[in-house]
Amino acid sequence: MSSSDIFIGETIGTAVLILLGGGVCAAVTLKRSKARNAGWLAITFGWGFAVLTGAYLAGGVSGAHLNPAVTLGLAIQGGTAWGDVPLYLGSQLLGAMIGAVLVYAVYYGQFHAHLTDPEIVGTKSTHEGMVDQTTAPKAGPVLGIFSTGPEIRNGVQNVVTEVIATVVLVLAILTQGLNAEGNGLGVLGALVTALVVVGIGLSLGGPTGYAINPVRDLGPRIVHAVLPLPNKGGSDWGYAWVPIVGPLIGGALAGGLYNLAFA
């Protein structure tokens, strides 16, 4: 496939992935949303449908990696040329940022209603009517819509969780339809991948929120940092390395494991 195919497919596919995935987080989190407090099942299935939609859109154009961990695993496995890896990663990051901005556009009124509610942001204000950011927590009240965070902050455990979850995802992708003829599942693979993502969310997502995709976390976290949201608090950059390093290690391990056990 051409460079333009990779750029267009990965940018659009990842943007839709984040739009729908971040969108379900916004729907469940924000005040004045009809889906508020819908819970973890809504989030896990919402992300599964997000993967399904993004993969269907991009599958015939770029192969629908939509995830640097998948790209790395495929490069190690031999299915993707190493020379194409930087273009995949750059396109995915751009798409993730676009998707996060679109979530903000869709829920613009809800974001501002949520972040100006005293029950959410407290009552200590500056002369401009804003919460004093010097006392704001590292993770702001809407950061979870944009990126992941741990329930128990332990760097080693958090990385291990992301590594294990990503190995499951990437290995499931690499082994789709594995048979004597070497045929894959075609478009059905997007559905299988989506169901795997739902399963990971339900079973392994509790500790860290299952980033399992570096740009899914990094792109929206950058957008959170620059958006003009009142009282948004910090973007928790001290944790941001975990959902980058963990999934990349997991993707590399899955590629190596595939070559060792299935090739």
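Conventions and cut-offs
- Residues numbered from 1 in each chain as written.
- Predicted model: local features only at pLDDT ≥ 70, side-chain atom pairs only at ≥ 80, totals over all residues.
- Heavy atoms only, no water.
- Helix = DSSP H or I, 4+ residues; strand = E, 2+ residues; numbered from the N terminus.
- Buried < 20%, exposed > 50% of the residue type's maximum accessible area, 1.4 Å probe, protein only.
- Expected span 1.5 Å × (residues − 1).
- Contact = heavy atoms within 4.5 Å.
- 1 Å grid on protein atoms, 1.4 Å probe; cavity = no way out; pocket = protein on both sides within 12 Å on 5 of 7 lines; lining within 4 Å.
- Points joined across faces, edges and corners; volume = space filled by probe spheres on them.
- Nonpolar A, V, L, I, M, F, W, Y, C, P; charged D, E, K, R; others polar.
- Phe/Tyr/Trp six-rings, centres within 6.5 Å; stacked < 30°, edge-to-face > 60°.
- Polar contact = N/O pair within 3.5 Å; in protein donor to acceptor, adjacent residues only side chain to side chain.

Colleague: Run through the environment of Leu-41, naming residues and quoting values.
Modeller: Counting through the fold element by element, Leu-41 comes out in helix α2 (residues 40-62). For Leu-41, a relative accessible area of 53% gives the class exposed. In sequence terms Leu-41 and Leu-202 are 161 residues apart; their C-alpha atoms lie 7.5 Å from each other.

Colleague: Let's hear about helix α11 (residues 242-261): which residues, and what values?
Modeller: Compared with the 28 Å implied by 1.5 Å per residue over 20 residues, the 28 Å span of α11 between its first and last C-alpha is a close match. Looking only at α11, the buried set comprises Val-242, Pro-243, Gly-246, Pro-247, Gly-250, Gly-251, Ala-254, Gly-255 and Tyr-258. The secondary structure elements touched by the buried residues of α11 are α3 (68-77), α8 (155-174) and α10 (214-226).

Colleague: Give me empty space enclosed by the protein: which residues, what numbers.
Modeller: In the structure shown here, the tally under the stated rule is one cavity of 30 Å³ or more. The calculated volume of the largest cavity comes to roughly 50 Å³. Around the largest cavity, the lining residues are Ile-18, Gly-22, Trp-47, Ala-100, Val-103, Ile-145, Phe-146, Arg-216 and Pro-220. Every element with two or more residues in the lining of the largest cavity is listed here: α1 (3-29), α4 (85-106), α7 (143-146) and α10. Of the residues assigned to the lining of the largest cavity, the class counts are seven nonpolar, one polar and one charged.

Colleague: Explain the packing of aromatic side chains residue by residue, including any values.
Modeller: The relative placement of two aromatic rings is captured by the distance of their centres and the angle of their planes. Considering all chains together, one arrives at six aromatic pairs under this definition. Look at Tyr-258 and Phe-262: their rings are 5.9 Å apart centre to centre, the planes differ by 25°, and that puts the pair in the stacked class. You can call Tyr-258 buried: its relative accessible area is 9%. Given a relative accessible area of 38%, Phe-262 falls into the partly exposed group. Through a chain of ring-to-ring contacts, three or more aromatic side chains come together here, namely Tyr-104, Tyr-108, Phe-111 and Phe-146.

Colleague: Could you give an account of the side chain of Thr-148, with specific residues and numbers?
Modeller: Note that Thr-148 resides in the loop between α7 and α8. Separated by 2.6 Å, the side chains of Thr-148 and Asp-217 make a polar contact. Residue contacts for Thr-148: discarding those within four places in its chain leaves Thr-208, Gly-209, Ala-211, Arg-216, Asp-217, Arg-221, Tyr-239 and Pro-243.

By themselves these figures say nothing about function.
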